[in-house]
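Remarks on the overall topology
Chain by chain, the residues run as shown.
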Amino acid sequence: MAKSNPSIGMLGSTMLRAALVLLGLLALASGDIDVVELTATQVQEAYEQGEYTAEELTLAFLERIEKYEPVYNAFVYLNPDAVVTARALDEEYAASGPRGPLH
């Protein structure tokens, strides 16, 4: 039986879901992007082709983390500003292109 992680536990998971719902973005991430075994090259190509944004990808990963974290208890901390940071990176990408291979 996995022990509860005080940083993310049930309260953290609930807060993450609430934040995503408040942003009105949970449905956007649901099932749209298959993040399992996704490579950096595939992400870069998808960005270039406009298949999804960094914000959408971040939401997809957060949704997956929320789904499996109670089982695996693998995260000590989640950046509460991850979606905001991804949105800013999307704005930068639109204005000046990628800053490197992982952007």
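Here's a quick rundown of the structure. Source: prediction; values computed, not measured. (Residues numbered from 1 in each chain as written. Predicted model: local features only at pLDDT ≥ 70, side-chain atom pairs only at ≥ 80, totals over all residues. Heavy atoms only, no water.)

A look at the overall build of the chain
Keep this limit in mind: A run of H or I in DSSP becomes a helix once it reaches four residues, and a run of E becomes a strand once it reaches two; helices and strands are each numbered from the N terminus. Exposed residues in this analysis have more than 50% of their type's maximum accessible area, buried residues have under 20%, and partly exposed residues fall in between, with area computed by a 1.4 Å probe over protein chains only. The contact definition used throughout considers only heavy atoms, calling two residues in contact when any of these lie within 4.5 Å. Every accessible area reported is derived by Shrake-Rupley at a probe size of 1.4 Å, with residue values counting cover from the shown protein chains alone.
A tally of regular secondary structure across the chain gives five helices and zero strands. Starting at the N terminus and ending at the C terminus, the chain contains elements arranged as α-α-α-α-α. A buried classification covers 31% of the 103 residues belonging to the chain. Restricting the contact set of the chain to residue pairs at least 6 apart, pairs at least 24 apart contribute 72%. In the structure as shown, the chain presents an accessible area of about 7,000 Å², 60% of it carried by carbon and sulfur atoms.

Observations regarding the layout of surface pockets
In this approach the atoms are scanned with a rolling probe the size of a water molecule, which exposes any empty space left behind. Quick note on the threshold: Cavities and pockets were defined on a 1 Å grid built from protein atoms only: a cavity is a group of points that admits a 1.4 Å probe but offers it no way out, a pocket is an open group of points flanked by protein on both sides within 12 Å along at least five of seven lines, and a lining residue is one with an atom within 4 Å of any such point. Grid points are joined across faces, edges and corners, and a volume is the space filled by probe spheres set on the points. For this scheme, ten residues count as nonpolar: Ala, Val, Leu, Ile, Met, Phe, Trp, Tyr, Cys and Pro. Four count as charged, namely Asp, Glu, Lys and Arg, and the remainder, Gly too, count as polar.
Here the second largest pocket defines a volume of roughly 290 Å³. What lines the second largest pocket is a set of 17 residues, among which Val43, Tyr47, Ala54, Leu57 and Leu102 lie closest to the centre. Partitioned by chemical class, the residues of the lining of the second largest pocket number 12 nonpolar, five polar and no charged.

Let's talk about the packing of helix H4 (residues 54-72) against helix H5 (residues 82-96)
This is how it is decided: Angles here are taken between N-to-C directions and fall from 0 to 180 degrees, while the axes themselves are lines fitted to C-alpha atoms, restricted in helices to the stretch in contact. Throughout this description, any angle smaller than 35 degrees is read as roughly parallel, any larger than 145 degrees as roughly antiparallel, any in the 65 to 115 degree range as roughly perpendicular, and the remainder as oblique. Two helices cross in a left-handed way if the nearer one is turned anticlockwise from the farther one by less than a right angle. They cross in a right-handed way if the turn is clockwise.
Look at H4 against H5: their axes get within 7 Å of each other, and the N-to-C directions meet at 155 degrees. Judged by the angle between their axes, H4 and H5 are roughly antiparallel. Viewed along their axes, H4 and H5 form a crossing whose handedness is right-handed. Residues Ala54, Glu55, Thr58, Leu59 and Leu62 of H4 pack against Ala82, Val83, Ala86, Arg87 and Asp90 of H5. Partitioning the contact of H4 with H5 into residue classes produces six nonpolar, one polar and three charged.

Concerning the side chain of Thr58
Counting through the fold element by element, Thr58 comes out in helix H4. The buried category is assigned to Thr58, whose relative accessible area is 18%. Setting aside anything within four residues of it in sequence, one finds Thr58 in contact with Ala82, Val83 and Ala86.

What about unusual backbone geometry?
One non-glycine residue with positive phi stands out, namely Glu37, at about 60 degrees. By the element assignment, Glu37 lies in the loop between helix H2 (26-29) and helix H3 (40-49). For Glu37, a relative accessible area of 73% corresponds to the exposed category.

Quick word on the packing of aromatic side chains
Any two aromatic rings considered together are summarised by their centre-to-centre distance and by the angle between their planes. Our working rule: Here is the rule: rings of Phe, Tyr and Trp (six-membered ring for Trp) pair when centre to centre is within 6.5 Å. Planes less than 30 degrees apart are stacked, more than 60 are edge-to-face, and the remainder are tilted.
Tallying each qualifying case throughout the model produces three aromatic pairs. Between Tyr47 and Tyr52, the aromatic rings sit 6.0 Å apart at their centres with planes inclined by 80 degrees, giving edge-to-face as the arrangement. For the pair shown, Tyr47 and Tyr52 are each scored as buried. Consider the rings of Tyr68 and Tyr72, whose centres lie 6.2 Å apart with planes at 40 degrees: the pair is tilted. Linking Tyr68 with Tyr72, this pair stays in helix H4, spanning four residues, or about one helical turn. Members of the aromatic cluster, each reached through a chain of ring pairs, are Tyr47, Tyr52 and Tyr93.

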